[in-house]
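Chains, contacts and geometry: an overview
Now for the letters of each chain:
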Amino acid sequence: DVVRLRDGAVMLERRPFRPDNLLQRVAHDFEGAAATKGLALHVEAVEGEWLGDPVHIEKMLAALADNAVRFTRSGQVTLRARADDDLVLEVEDTGPGMTPDDVTRLFEAFTQGDESSTRTAEGLGLGLTAAHGLAVLMGGRIEVVSTPGVGSLFRVPLPLARA
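As the structure is a computational prediction, the values presented were derived from the model and not from experiment.

Broken down by element type, the protein carries five helices and seven strands. A total of 163 residues make up the protein; the buried ones form 42% of that total. As displayed, the protein has an accessible area near 8,400 Å², and 52% of this comes from carbon and sulfur atoms.

Right under this line is the structure:
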């Protein structure tokens, strides 16, 4: 996905979808991993239909949820969709949080917040790069609010119309 995004080879669809259904599917995909760690996994979603690319939105949400579940050791992960002027998607966790320096590097390919040789999370550091690229392609962005020791909130406002 990262290479396809870089090369401009990702084509977006525009069709009706329900954010509540997308969030439920993503939550279902991570139920097992969350339960194994004793994490609560919550879904809060606006009802109704929106016009956009549900396949790529789901991929973006899955990348954000994957990081939230992977890095959170206790507490909860919340997947949220709400209506503002835009459709706003959020993934919030009670994980370790990040410093402002970590946040500035977050969307760089092959980068993780914990770059030490003792880091506990696996992965190549491409999920957030792909999620960021998809958000930008859809005319949105990913905003990050994070506090070390408290957790992180990834907010994705997307300029999508209601169906």
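A word on the pairing of strand β6 (residues 143-147). When β6 meets strand β7 (residues 151-158), the two strands line up antiparallel, connected through five bridges. Bridging across to β7, valine 144 finds its partner in phenylalanine 154. Counting the residues in the hairpin turn of β6 and β7 gives three residues, including glycine 149, whose phi is positive at 80°.

The next thing to look at is the confidence of the model for the protein. Across the protein, the average pLDDT comes to 87, with 83% of residues at 70 or higher. Counted against residues more than four places away or in other chains, residues 115-120, with its pLDDT under 50, gives six contacts.

Within this structure, the stated rule accounts for 13 salt bridges. Across the pair aspartate 20 and arginine 18 runs a salt bridge, and its minimum N-O distance is 2.9 Å. A relative accessible area of 29% means that arginine 18 is categorised as partly exposed. With a shortest N-O distance of 3.3 Å, arginine 105 and aspartate 102 are connected by a salt bridge. Placement of the pair is arginine 105 and aspartate 102 together in helix α4 (residues 100-105), with a separation of three residues, close to one helical turn. Residue classification places aspartate 102 among the buried residues on the basis of a relative accessible area of 16%. The network of salt bridges with common partners includes Glu44, Arg80, Arg82, Asp84, Glu90, Glu92, Arg141, Glu143 and Arg155.

Looking now at the nonpolar core. Judged by nonpolar contacts, the single largest core of 36 residues is most densely connected at Ile57, Met60, Leu64, Leu79, Leu89, Val156 and Leu158. Within the residue set of this core, elements represented by two or more residues are α2 (19-36), α3 (54-71), β4 (76-83), β5 (87-93), α5 (127-137) and β7.

The next point concerns α3. Over its 18 residues, α3 runs 26 Å from end to end, which matches the ideal 26 Å to within 8%, given 1.5 Å per residue. The residue sitting at the N-terminus of α3 and contributing the capping side-chain oxygen is aspartate 53; that oxygen lies 3.2 Å from the backbone nitrogen of valine 55.

Quick look at the sheet that holds strand β2 (residues 40-45) now. The five strands lie next to each other as β2-β4-β5-β7-β6, forming an open sheet whose pairing is mixed. Every other strand in the sheet has two partners, leaving β2 and β6 as the edge strands with one partner each. The sheet shows a mean angle of 10° between the axes of neighbouring strands, taken without regard to direction. Taken together, the seven bridges between β5 and β7 define a ladder with antiparallel strand orientation. Across the sheet, the residue bridging to valine 88 is proline 157, located in β7. Where α3 meets the sheet, it contacts β4, β5 and β7, and its direction lies at approximately 20° from that of β5.

Calculation rules
- Residues numbered from 1 in each chain as written.
- Predicted model: local features only at pLDDT ≥ 70, side-chain atom pairs only at ≥ 80, totals over all residues.
- Heavy atoms only, no water.
- Helix = DSSP H or I, 4+ residues; strand = E, 2+ residues; numbered from the N terminus.
- Buried < 20%, exposed > 50% of the residue type's maximum accessible area, 1.4 Å probe, protein only.
- Areas by Shrake-Rupley, 256 points an atom, 1.4 Å probe, with all protein chains shown as cover.
- Pairing = 2+ DSSP bridges.
- pLDDT = per-residue confidence, 0-100.
- Contact = heavy atoms within 4.5 Å.
- Salt bridge = Lys/Arg side-chain N within 4 Å of Asp/Glu carboxyl O.
- Core = buried A, V, L, I, M, F, W, Y, C linked by side-chain atoms within 4.5 Å.
- Expected span 1.5 Å × (residues − 1).
- Polar contact = N/O pair within 3.5 Å; in protein donor to acceptor, adjacent residues only side chain to side chain.
- Axes fitted to C-alpha atoms, helices over the stretch in contact; angles between N-to-C directions.

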